[in-house]
Amino acid sequence: MSRLRGAAFTPVVVSREAVGDVVVLELAPLEGRRLPGWRPGAHLDVVIPPSAVPGGLTRQYSLIGDPAAPTWRIAVLREAESGGGSTWLHGVREGDTLQVGGPHNHFEFRAGPAPVLFLAGGVGITPISAMAHAAAATGRDYAVHYAGRAGNMALVDDLRALHGERLHLYRDGVRLDLPGVLGAAAPGTAVYACGPARLLDEAEAEASRAGLEFHAERFVAVPLRAPVWPEPFEVELQFSGLTLEVPPEKSILEVVEEHGVLVPWSCSEGTCGTCETPVAEGEIDHRDSILTAQERARMDTMFICVSRAACPRLVLEL
Ligand code: FES
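Small disclaimer: the values here were computed from a predicted structure and weren't measured. (Residues numbered from 1 in each chain as written. Predicted model: local features only at pLDDT ≥ 70, side-chain atom pairs only at ≥ 80, totals over all residues. Heavy atoms only, no water.)

A.B. asks: In this structure, what is going on with the environment of Y192? I would like to understand it.
C.D. replies: Here Y192 lies in strand 11 (residues 190-195). Taking C-alpha positions, Y192 is 21 Å from P223, a pair spaced 31 residues apart along the chain. If near-sequence neighbours (up to four positions away) are discounted, Y192 is found in contact with F107, E108, F109, R110, V116, L117, F118, L119, I128, M131, E213 and H215. From its side chain, Y192 meets the backbone nitrogen of R110 in a polar contact 3.1 Å long. (Helix = DSSP H or I, 4+ residues; strand = E, 2+ residues; numbered from the N terminus. Contact = heavy atoms within 4.5 Å. Polar contact = N/O pair within 3.5 Å; in protein donor to acceptor, adjacent residues only side chain to side chain.)

A.B. asks: Any chance you could explain the sheet that holds strand 6 (residues 72-77) here in plain terms?
C.D. replies: Neighbouring strands of a sheet are bound in pairs by backbone hydrogen bonds; such pairs are parallel or else antiparallel. Read from one edge to the other, the open sheet built from three strands follows the order 2-3-6, with strand pairing classed as antiparallel. Each edge of the open sheet carries a strand with a single partner, namely strand 2 (12-19) and strand 6. Adjacent strand axes in the sheet meet at a mean angle of 20° when their direction is disregarded. Examined bridge by bridge, strand 3 (residues 22-28) and strand 6 share six bridges and lie antiparallel to one another. Residue pairing across strands places L25 opposite I74, the latter belonging to strand 6. (Pairing = 2+ DSSP bridges. Axes fitted to C-alpha atoms, helices over the stretch in contact; angles between N-to-C directions.)

A.B. asks: Help me understand the side chain of H90 in this model?
C.D. replies: Along the chain, H90 falls in helix 1 (residues 85-90). Under the relative-accessibility criterion, H90 is labelled buried at 6%. A polar contact is formed between the side chain of H90 and the backbone oxygen of V76, at a distance of 2.9 Å. Apart from the residues lying within four places of it in its own chain, the contact partners of H90 are R16, D21, V22, V23, V76, L77 and R78. (Buried < 20%, exposed > 50% of the residue type's maximum accessible area, 1.4 Å probe, protein only.)

A.B. asks: Would you take a moment to explain helix 3 (residues 156-163) for this structure?
C.D. replies: Owing to its 3.6 residues per turn, the α-helix brings residues three or four apart onto one side. Those residues of helix 3 that fall on the buried side of the exposure criterion are V156, L159 and H163. In an axial view of helix 3, the angular spread of the buried residues amounts to 65°, which keeps them on one side of the axis. Every exposed residue of helix 3 that faces more than 90 degrees away from the buried side is listed here: D157 and A161. Among the structural elements, helix 2 (125-137), strand 9 (142-147) and strand 10 (167-170) are those in contact with the buried residues of helix 3. (Arc of directions from axis to C-beta.)

A.B. asks: Just checking my understanding: could you explain the layout of surface pockets for this structure?
C.D. replies: Taking a probe equal in size to a water molecule and rolling it over the atoms shows the remaining empty space. Here the second largest pocket is characterised by a volume of approximately 370 Å³. In terms of lining residues, the second largest pocket is bounded by 18 residues, among which E204, F214, L291, T292 and A293 are the most central. Broken down by secondary-structure element, the contributors of at least two residues to the lining of the second largest pocket are helix 5 (197-210), strand 12 (213-218) and helix 7 (293-297). Considering each element in turn, the lining of the second largest pocket owes the most residues, five residues, to strand 12. For the lining of the second largest pocket, the class distribution of residues is eight nonpolar, five polar and five charged. There are two domains that each give the lining of the second largest pocket at least three residues, and those are domain 2 (116-218) and domain 3 (233-316). (1 Å grid on protein atoms, 1.4 Å probe; cavity = no way out; pocket = protein on both sides within 12 Å on 5 of 7 lines; lining within 4 Å. Points joined across faces, edges and corners; volume = space filled by probe spheres on them. Nonpolar A, V, L, I, M, F, W, Y, C, P; charged D, E, K, R; others polar. Domains from an automatic or database assignment.)

A.B. asks: Help me understand the sheet that holds strand 10 in this model?
C.D. replies: The five strands lie next to each other as 10-9-8-11-12, forming an open sheet whose pairing is parallel. Two strands close off the open sheet at either side, each with one partner strand: strand 10 and strand 12. Sheet twist, expressed as the average angle between the axes of neighbouring strands with direction ignored, equals 15°. Relative to strand 11, strand 8 (residues 116-121) runs parallel, the two being bridged by five bridges. Each residue of the ladder has a partner; that of A120, found in strand 11, is C194. Where helix 2 meets the sheet, it contacts strand 8, strand 9, strand 11 and strand 12, and its direction lies at approximately 155° from that of strand 8. Strands in contact with helix 3 are strand 9 and strand 10; relative to strand 10, the strand with the most contacts, it is inclined by about 150°.

Written as structure tokens, this is what we have:
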């Protein structure tokens, strides 16, 4: 069972709007309290109770739109093949409460004067909507390219009202021409993308060809490649005073938990960011779907559900 990280809240659902297979839930604080602030790109950890899914689950949903709004909004795509969390959330009604943790942010939108291209596929529009809101508020040059299945695209009216001609929609068979869009971007443009793996893989390749800064949030983990260090390695837990051996067939997270050290985790596949652990020493074999190339190069943090050592020994701030 996954664990919630940080502060927990119990907001109440004050509105729900279904658009095809997507439901947008608006959450308000109970009894006149205020919800914590957040920055574009942030997400909530939403608890799916054991009554809905055996053992319970925690799932991540990006916050939508204006970070200064007094309520939170999330969008949930119904995924029949998933663990059942999205089906349960589609059954939530106005007046129900949710248990949530966060907000947390592993997809920060960086301030600055550079132009920005936002790319969204399907429900990937959720973090992009918050970033585009911030770009509009600060007068930055930007454009939003949003592709999806007709009848299944949430937030279109909100986006159109706020972004006007800066919003480009691709539906009803109209294809988002990534080489054309990214190839025509001004030098120095930053690209922020969220959506299906195919869109992100192609966008990343085109951004790299065009020499553009690229940031993405993935829902689906990139396939795990073979570890750089195929032998067992040691992890020293600085604060717990333990030194543990991690065999090739186990993750650091599994070994640490077996020895009674509690680490929050959720996806166990390197996409949600919940198990992030600071690293004091050692070379990391990053295998997550979260960090940028620059963040990886710093060698100061890792996601211990999938990432491993690229050397005989790591020292973790645990
Ligand atoms: S538990 Fe999700 S990234 Fe490790």
